[in-house]
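Given next are the chains, with one letter for each unit.
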Amino acid sequence: MKRTKNTSLPSPCWLLNESLLIQNLDVMQKVKEQSGAKILLALKGYALWKSFDTLRPYLDGCCASGLHEAKLASEEFQKEVHTYAPAFKEEEIAEIAEISRHMVFNSAAQFKRFAQKAKKINPQLSLGLRVNPEYSASPKEIYNPCGLHSRLGCTLANFDKSILTDLDGLHFHALCEQDADALEAVLENFEEKFGAYIPKMKWINFGGGHHITRKGYDVDKLIHLIKQFKKKYDVDIYLEPGEAIGWETGTLIATVLDIVHNGLDIAILDTSAEAHMPDTIIMPYRANVRGAGKAGEKAHTYRLAGNTCLAGDIMGDYSFDMPLKIGDRVIFEDQMHYTMVKATTFNGIKLPSIAIERLNGDIEVVREFGYEDFKERLS
Ligand SMILES: *Cc1c(COP(=O)(O)O)cnc(C)c1O
């Protein structure tokens, strides 16, 4: 592990700021204490496991989307492991059951195939079913688990009452970067559809997508909704945010390699939208760049683009007070969630290093990648 200063960090590099992470965790702690809910980290969104020592005291465990995330949770987080998958594979059931506290099935058919086998392996295991409340105000269809023809969660029409005797809990995940108002609307639909079964349950999992740590999120309303629900049904409540844990806790630092001109000035960086920040293309969204404005807002406008051969590997157009020079560092804000968990070695591009700025200001480079990481994924 290397200790270094910000200016001498390798490039590209993700830099987590531990004190910002703790600010988010303080909000989670408040929600837990005042509502009585348990909060899990969704590894799908944030799995920087070298920061788990910081997260562990504040959270109850992790939610995993299959065997690999469950193993990471079990090895590195070592608290509750809740595993859900759109479909479990027979050969993975035993290993998942052994390390999980909750196992959540996506369909009654999967529940019937695997629940008993899993329970035999781990008698402590609590069994759940993910349901689809068929209501969501998700802003983007690709992130809408309740959209038309969604495969995620069992609809009321497909709900098979024969599994009720073995069922401990219900799970829904219907939000994406949304406020407590949206949860309230989802809860209304969830209760309308599945209300008859809720009193039979030990727990209800409200999924992720709660934008709890975003400025303006109504934390008190979330607490109120959870308390009200707990009181009404006498069940344990779980939340499993991913994005809200890593929200605005760190950056992706890149370097300008060249500047070319074709109708506009284009800065080629040593990172990639496609490989390192794919949501900028998929969602799409525009990351904030430190010190930069919208195109034309400041004196010098550039298109920031990636160092792969994909024509569309573009972060966006940004303006700066001073002209960019080769070797300048460009800092993308809010790059901790849905970035390193999605990153690829597409085009052989080097994965960004991972560094953590500790509370005392020390920066530790906790991981660097090289050619081997590219080669080992191929054969
Ligand atoms: C993606 C996901 C989460 C986390 O969602 P965030 O938007 O990152 O909070 C939680 N639970 C399930 C089942 C998910 O698919």
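In every chain, residue numbers begin from 1 and rise along the written sequence. Predicted model: local features are reported for residues with pLDDT of at least 70 only, side-chain atom pairs are reported and counted for 80 or more only, and whole-chain, interface and lining totals are derived from all residues. With hydrogens and water set aside, each side-chain value is computed from the structure's full complement of heavy atoms.

1. Brief notes about the pairing of strand β10 (residues 236-239)
Here comes step 1: Only when DSSP finds a minimum of two bridges between them are two strands counted as paired. Each helix is a run of H or I in the DSSP string that is no shorter than four residues. Each strand is a run of E no shorter than two, and both are numbered from the N terminus. Both strand β3 (residues 38-42) and β10 contribute to a ladder of two bridges, which runs parallel. Following the sheet pairing, I39 is matched in β10 by L239.
Here comes step 2: Bridge analysis of strand β9 (residues 203-205) against β10 gives three bridges, and the strand direction is parallel. For N205, the partnering residue across the bridge sits in β10 and is Y238.
Here comes step 3: When the strands point away from the viewer, a crossover counts as right-handed if the path from the first strand over the helix to the second runs clockwise. Chirality of the crossover, the property in question, places the unit of β9, helix α7 (residues 219-233) and β10 among those that are right-handed.

2. What about the layout of surface pockets?
If you roll a probe as big as a water molecule over the atoms, it shows you where there is empty space left.
Here comes step 1: Here a cavity denotes grid points, spaced 1 Å and computed from the protein atoms alone, that fit a 1.4 Å probe unable to get out, and a pocket denotes an open set having protein on both sides within 12 Å along at least 5 of 7 lines; residues with an atom within 4 Å of a point are the lining. Grid points are joined across faces, edges and corners, and a volume is the space filled by probe spheres set on the points. When its volume is computed, the second largest pocket comes out at roughly 620 Å³.
Here comes step 2: The wall of the second largest pocket is formed by 19 residues, among which A47, W49, M340, I354 and F369 lie closest to the centre.
Here comes step 3: Where the lining of the second largest pocket is concerned, the elements lending two or more residues are α3 (67-77) and β18 (363-367).
Here comes step 4: In the lining of the second largest pocket, the residues fall into 13 nonpolar, no polar and six charged.
Here comes step 5: These domain boundaries are the output of an automatic or database domain assignment. Here the lining of the second largest pocket spans two domains, since at least three of its residues come from each of domain 1 (2-13 + 250-335 + 343-376) and domain 2 (36-246). Classification used: nonpolar for Ala, Val, Leu, Ile, Met, Phe, Trp, Tyr, Cys and Pro, charged for Asp, Glu, Lys and Arg, polar for all others including Gly.

3. Some points on the site of the ligand
Here comes step 1: Residues are classed as near a molecule or strand on a simple rule: at least one heavy atom within 4 Å of it. Neighbouring the ligand are A42, K44, R130, H171, H173, G208, G209, E240, P241, G242, E243 and Y338.
Here comes step 2: Between a nitrogen atom of the ligand and a side-chain N or O atom of E240, the distance comes to 2.7 Å.
Here comes step 3: In the analysis that follows, any N or O atom pair within 3.5 Å is treated as a polar contact, provided that within protein one partner can donate a hydrogen and the other can accept it, and provided that, for residues neighboring in sequence, both atoms belong to side chains. Here an oxygen atom of the ligand sits 2.8 Å away from a polar atom, N or O, in the main chain of E243.
Here comes step 4: In isolation the ligand has 390 Å² of accessible area, and contact with the protein removes 90% of it. Areas reported as accessible are Shrake-Rupley estimates using a 1.4 Å probe. Residue values count occlusion only from the protein chains shown.

4. Let's talk about the side chain of H211
Here comes step 1: Here H211 shows up in the loop between β9 and α7.
Here comes step 2: Residue classification places H211 among the buried residues on the basis of a relative accessible area of 3%.
Here comes step 3: Contacts are assigned to residue pairs with any non-hydrogen atoms lying within 4.5 Å of each other. Setting aside residues no more than four positions away along its own chain, H211 makes contact with E177, Q178, Y217, E243, A244 and W247. Three labels apply to residues, based on accessible area from a 1.4 Å probe with only protein chains included: buried if under 20% of the type maximum, exposed if over 50%, partly exposed otherwise in between.

5. Looking at the sheet that holds β10
Here comes step 1: With parallel pairing, eight strands are arranged side by side around a closed barrel as β3-β4-β5-β6-β7-β8-β9-β10. Across the sheet, the mean angle separating the axes of adjacent strands is 25° when strand polarity is ignored.
Here comes step 2: As judged from the three bridges shared by β3 and strand β4 (residues 61-64), these two strands associate in the parallel manner. Note that in β4 the partner of A42 across the bridge is C63.
Here comes step 3: Orientation is described by lines fitted to C-alpha atoms, with helices fitted over the stretch in contact, and by angles between N-to-C directions that extend from 0 to 180 degrees. Along the sheet, α3 contacts β3, β4 and β5 (80-84); its crossing angle with β4, the most-contacted strand, is approximately 165°.

6. Focus: the side chain of D279
Here comes step 1: Secondary-structure assignment places D279 in helix α10 (residues 279-282).
Here comes step 2: A polar contact of 2.8 Å, which involves the side chain of D279, links it to the side chain of K342.
Here comes step 3: With residues near it in sequence (within four places) discarded, D279 still touches Y143, P284, Y285, Y338 and K342.

7. Looking at the packing of aromatic side chains
Here comes step 1: Working definition: a ring pair exists when centres of Phe, Tyr or Trp rings (six-membered ring for Trp) sit within 6.5 Å. Plane angles under 30 degrees give stacked, over 60 give edge-to-face, the rest tilted. Taken as a whole and judged by the stated rule, the model has 13 aromatic pairs.
Here comes step 2: Between F229 and Y233, the aromatic rings sit 4.7 Å apart at their centres with planes inclined by 45°, giving tilted as the arrangement. Of the two residues, F229 and Y233 both sit in helix α7, four residues apart, roughly one turn of that helix.
Here comes step 3: Look at F229 and you get buried, because its relative accessible area is 3%.
Here comes step 4: Taking the centre distance of 6.1 Å and the plane angle of 65° together, the rings of Y302 and F320 count as edge-to-face. A residue pair is termed long-range when its members are at least 10 positions apart, and Y302 in strand β14 (residues 300-305) and F320 in strand β15 (residues 314-320) qualify at 18 residues. There is no split in this pair, since Y302 and F320 are both buried.
Here comes step 5: What links up through ring pairs into an aromatic cluster is the set F159, F172, F190, F194, Y197, F206, F229 and Y233.
Here comes step 6: Both a distance and an angle decide whether a charge sits over a ring: NZ of Lys or CZ of Arg must be within 6 Å of the ring centre and within 35 degrees of the ring normal. A cation over an aromatic ring shows up here: R56 above the ring of F77, its NZ or CZ 6.0 Å from the ring centre.

Purely geometric stuff here, so don't read any function into it on its own.
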